[in-house]
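The lines below spell out each chain.
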Amino acid sequence: MPSNQYSISDIQRIIQATGNIRHEYTISTLLTDSRRISNPSEGLFFALSGRRNGHEFIAEAYAAGVRNFVVKQGPEIKVPEANFLIVDDVLGALQTLAAYHRNRFDLEVIGITGSNGKTIVKEWLYQLLCVDKNVVRNPKSYNSQIGVPLSVWQINETNNLGIFEAGISTISEMNKLEAIIKPSIGVLTHIGPAHDEGFESRHQKVIEKLLLFKNCRLLIHNYDQLIDYKDYIKAETRFSWSTKFKQADLYVFSETVISRNFYLRAKYKGREIECLIPFQDEASVENAIVCWAVMLAMDYSAVEADKRIERLNAVSMRLELKTGINDCSVIDDSYNSDFQSLEIALNFLNQQNQHNKKTLILSDIFQSGLQPDVLYKQVADMVTLKKVDKFVGIGEALLAHQDLFNVPEKHFYSDTSLMLQNLRALNFKEETILIKGSRSFEFERISRALVQKAHETILEINLNALLNNLNYYRHKLKPGTKVMAMVKAFSYGSGTFEVANMLQYNKVDYLAVAYIDEGVALRATGITLPIMVLNPEQSAFDKLVEYKLEPVIYSFGLFDDYIKYAQDKNVLSYPVHFKIDTGMHRLGFENFEIETLCDLLEKNPYIHVQSVFSHLAASEASQHDDFTSKQIKNFEKAFKQIEKTLGYKVIKHICNTSGIIRWPNAHYDMVRLGIGLYGVDAAVKASEGGLQPIASLKTSVSQVKKIKAGETISYSRSGKLAKDGKIATVRIGYADGYLRSFGNGVGKMLIKGVKAPTVGNITMDMCMLDVSGTDVKEGDEVIVFNDQLRIEELAAQIGTIPYEILTNVSQRVKRVYFYE
């Protein structure tokens, strides 16, 4: 059984649960939220009690396909075929299971804690170290008593480095996380006021955080922060950094801004070293210094550390710069408000030079650990220091302390609704506006009011979902089985470089493209993975070799063309792939041609056979299983004959996306993952929740018209309404990839959560929808497809396949990529 799979009986023993095992299941996924169920057939749902009682959502999880539950009391509903493991403490059981799993692996683990910067440092260390390490880490900021066990559960035998952050809010929490993470290297980030309210003092909080490192062999920290805590440090070795104290192991003595980068000089082991950080804000610089110290402490050379840090990418956080109304710029931090992050956000505000006027919209600050008079005096002083021109305070506490604020223009409101009622009087125009509020103030309403509505058609690509889908299929493979990702046809319409970069970053083994020019484009954008070209053109063999692309040979004619080229150019032992036609009858050598092919391959100095593969014609369809079995048998016969001739083993692959799910016996050495990456697989039911659609095609309403019954709409007067109603003209047409086949009521789009059918013919740039009975206005968002209105549904509407829907989205449609 793979290392991240357990039988339900084993788990019962590990967590010392009672309850009868009705059916034996294999468990690989831990679930805590019934709204986010993935891989339910192998899921174990923990009915946690916190803000919600997880026991109340057992029925919902069961309906989603979950059959195994950890509970504090037995179910009150009838749930056949389900197992209930009964424990006294459900959260404790989750942590116990995660700790057991962690103890099975002997790998280096970096544990990170602090008040600020944990997630950024974790993500940057991943970027820096994944070059030569197989890294497992927390997803997003899963650093809590629940998030850490879920993160550690990801460890498998392929990982040789773990990077886990741990967050606490009060005493007696860190020991539990330390037992789960078991770090060998500790990293302490910035210590500030966050969560001070959960402790008697800042001193107590620091002592609690240091418990994460009690069994570490190495601790990396800011020298300044731990001067008074030497007696609490249990690590065998310490590595410190400082910008003040020369006795630190890494003493940063010079900071200079050069071309929007931060150039640092430091003393390390008696000599001067340097580092270029591709950021300027104070928090990023400090976090980058922490990462610099970690790399040096892990014995990376100063030169290598500098080279890698210079290429750091920004980590997407809540701070986002958007285009606002009335020629404003809006910095959206509408879910985050604490004193420490306020300073960081104001620094970012001051970096914006597109407008002379700087505005801050701020809510009351909670959980600061300070008395209100003290807190808001500090806030007011900071606002003055950062030269804010216009201040809008929202909340009873700010209203009560408005006299503390000395700014040229100030406004105060007791709540968000009142501020929005007075929005016009605030006259926002040609200014940079920072929106910063605690979540309870619903500042997203302010953001929606101030951010300029985009009127263009956009294809949003969720790279987190892409990664989820990749890992879903990886989970189906035996250890060592390679993954070839298909990125042909502009990655099924989703964007070539952006998707390929994500796949390379997450260490797929191969990429495949249709034509040589697609591979050349990937090489030009920094993709270094092996790339197989499915349809190489003889005229472009020079480019193929120049860019180290690997051709597929599928016929004797192409074989002869390539050998002649290799002889003329003296290209020896070049990696090539041979395609076998086992029944698809598109391309490839047929069974009766294999013997002749082997004669040509024997002792051929110009090629090295990298792989032999075939293509399943109907792997998703059970009615064709006999045919698929025949294809697999024919493939085995062919590759065995070829390997015998060659005298060496080659990579063998036949499974496409659906084949990975339905034909595990045919995974061989590698599988080819295509449209499943993008969230579509006929062999996986959408209700199972294992795959996530990665693409959302969105547009907006240009105009709304009232139409009388019988009036004609669109070209050829093709559309009519049966009774008086309304139509909305939306900004998408067949030139964008919304095919004419969707016209005249065949296609539907989502507006305000309602499916609106098309009316009349689809035109080149626009189409019309029947929105009768729906409150629709100009500028409203329209969903062409997303995770609710799925691509499969659109394909069914016009009798095609999801591939065609995705690949038809034209290049004039802007792609926007999200990665959290």
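This text goes with the structure placed above it.
Predicted model only: the values in this text are computed from it and were never measured.

## Things to note about the overall build of the chain
- Assigned secondary structure in the chain consists of 26 helices and 37 strands.
- Radius of gyration (C-alpha) of the chain: 30 Å, near the 28 Å computed for a compact globule of 820 residues.
- For the chain, the spread of C-alpha atoms along the three principal axes comes to 90 × 80 × 65 Å.
- Of all 820 residues assigned to the chain, the portion counted as buried reaches 55%.

## Some points on the pattern of salt bridges
- If you walk through the whole model with that rule in mind, you get 28 salt bridges.
- Taking the shortest distance from any N to any O, the salt bridge between E409 and K390 comes out at 4.0 Å. Placement of the pair is E409 in strand 20 (residues 409-413) and K390 in strand 19 (residues 390-394), with a sequence separation of 19 residues.
- A salt bridge links E781 to K698; its shortest N-O distance comes to 3.9 Å. A residue pair is termed long-range when its members are at least 10 positions apart, and E781 in strand 36 (residues 781-785) and K698 in strand 31 (residues 695-707) qualify at 83 residues.
- By sharing partners, the salt bridges in this structure join K122, E123, R137 and E165 into a single network.

## Some details on unusual backbone geometry
- For K182, which is not a glycine, the phi torsion comes out positive at approximately 50 degrees.
- Note on placement: K182 falls in the loop between helix 6 (174-181) and strand 10 (185-188).
- Exposure remark for K182: the relative accessible area of 40% places this residue in the partly exposed category.
- At K603, a position not held by glycine, the phi torsion is positive, near 55 degrees.
- Tracing the backbone through its elements, the reader meets K603 in the loop between helix 22 (594-601) and strand 28 (607-614).
- By relative accessible area, K603 is classed as exposed at 79%.

## Details of helix 23 (residues 625-646)
- The end-to-end C-alpha distance of helix 23 is 31 Å, a good match for the 32 Å that 22 residues give at a rise of 1.5 Å each.
- Among all positions of helix 23, only T628, Q631, I632, N634, F635, A638, F639, I642, E643 and L646 are buried.
- In the core, the buried residues of helix 23 are packed alongside strand 27 (574-580), helix 22, strand 28 and strand 29 (651-653).
- One or two residues past the end of helix 23 sits G647, with phi positive at roughly 80 degrees.

## As for helix 8 (residues 282-297)
- Across its 16 residues, helix 8 extends 23 Å between first and last C-alpha, which sits within 8% of the 22 Å expected from 1.5 Å per residue.
- Counting buried positions over the 16 residues of helix 8 gives 14, a clear majority of the element.
- Where helix 8 terminates, the next one or two residues include D299, which has phi positive at roughly 70 degrees.

## Focus on the nonpolar core
- By size, the foremost hydrophobic cluster in this structure holds 116 residues, and its most contacted members are L503, L511, Y562, F578 and F785.
- Ranked by residues supplied to this core, first place goes to helix 16 (residues 463-474) with seven residues.
- Not counting residues within four places of it along the chain, the set of residues in contact with Y562 comprises F541, I553, V571, Y574, V576, Y606 and I607.
- In this structure, L161, I220, I273 and Y300 belong to the second largest nonpolar core, which totals 46 residues.

Rules behind the numbers
- Residues numbered from 1 in each chain as written.
- Predicted model: local features only at pLDDT ≥ 70, side-chain atom pairs only at ≥ 80, totals over all residues.
- Heavy atoms only, no water.
- Helix = DSSP H or I, 4+ residues; strand = E, 2+ residues; numbered from the N terminus.
- Rg over C-alpha atoms; globule rule 2.2 N^0.38 Å.
- Buried < 20%, exposed > 50% of the residue type's maximum accessible area, 1.4 Å probe, protein only.
- Salt bridge = Lys/Arg side-chain N within 4 Å of Asp/Glu carboxyl O.
- Expected span 1.5 Å × (residues − 1).
- Contact = heavy atoms within 4.5 Å.
- Core = buried A, V, L, I, M, F, W, Y, C linked by side-chain atoms within 4.5 Å.

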